[in-house]
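Architecture and fold: a report
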Amino acid sequence: MKVLIDANVLYPTVLREITLGVAATGYFTPLWSARILEEWARAAARRDPAQEPIARGEIALLRARWPDAEVAVSPETEATLHLPDPNDIHVLAAAIDGGADELLTMNRADFPTRTLAAHGILRRDPDGFLTEALAAQPADLRRVVTDVHATACRLSGQDLPLRGLLKRARLPRLGKALAG
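Summarised in this report is the structure supplied together with it. (Residues numbered from 1 in each chain as written. Predicted model: local features only at pLDDT ≥ 70, side-chain atom pairs only at ≥ 80, totals over all residues. Heavy atoms only, no water.)

Moving on to the pairing of strand S2 (residues 29-33). Most of S2 is tucked away, with 4 of its 5 residues classed as buried. Both S2 and strand S3 (residues 70-71) contribute to a ladder of 2 bridges, which runs parallel. Its bridge partner lying in S3, Ser33 is registered against Val71. (Buried < 20%, exposed > 50% of the residue type's maximum accessible area, 1.4 Å probe, protein only. Helix = DSSP H or I, 4+ residues; strand = E, 2+ residues; numbered from the N terminus. Pairing = 2+ DSSP bridges.)

Compared with the 27 Å implied by 1.5 Å per residue over 19 residues, the 27 Å span of helix H9 (residues 138-156) between its first and last C-alpha is a close match. The set of residues buried in H9 consists of Leu141, Val144, Val145, Val148, His149, Ala152 and Cys153. Summarising the axial view, the buried residues of H9 lie within an arc of 165°, below the 170-degree limit, and thus occupy one face. Of the exposed residues in H9, the ones pointing more than 90 degrees away from its buried face are Ala139, Thr146 and Arg154. (Expected span 1.5 Å × (residues − 1). Arc of directions from axis to C-beta.)

Inspection of the secondary structure puts Arg123 in strand S5 (residues 122-124). Buried and without a salt bridge, Arg123 has Asp125 as its closest oppositely charged side chain, separated by 7.4 Å. A polar side-chain atom of Arg123 sits 2.4 Å from the main-chain carbonyl oxygen of Phe111. Sequence-distant contacts of Arg123, that is, excluding residues within four places in its chain, are made with Leu103, Thr105, Asn107, Arg108, Phe111, Pro112, Thr113 and Leu116. (Lys, Arg positive; Asp, Glu negative; His and termini not counted. Salt bridge = Lys/Arg side-chain N within 4 Å of Asp/Glu carboxyl O. Polar contact = N/O pair within 3.5 Å; in protein donor to acceptor, adjacent residues only side chain to side chain. Contact = heavy atoms within 4.5 Å.)

Here it is, written out as structure tokens:
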């Protein structure tokens, strides 16, 4: 299954690391566009200008790890699309041009189900998507989350409660499922 990952899933870090960790297990094939990656770098810079070079380094690593994931978006595809927010048209165009089955995004309002369905694409929120991955590949997903959790604790210098970390990463259902 091919999944286009929107910028709001690639940034913040914990959400990205879990999502891409699951991709590395072979559960899905990740896709994105150069513009989506640029949105991630700009979002990091808006939050803290010192974070932009870090984001660009992470983007370079992402491109090296998944060299076939970056989709070239056709202007012709973009020209045929209409969404509530014109700034999101490139995301849908990338999903179409990349042959994505699903679009992973936090942005429900600007990606109407009917519009995506007309192109054979299902919109998914990361929490539901990753909770489904837990049901399909429990050992793999638990390992990914354990690794990301350990890294977050190490980098913060604190023992972070897993459920709280996942809730802050906008993954409350996944946190609840892992705690249960």
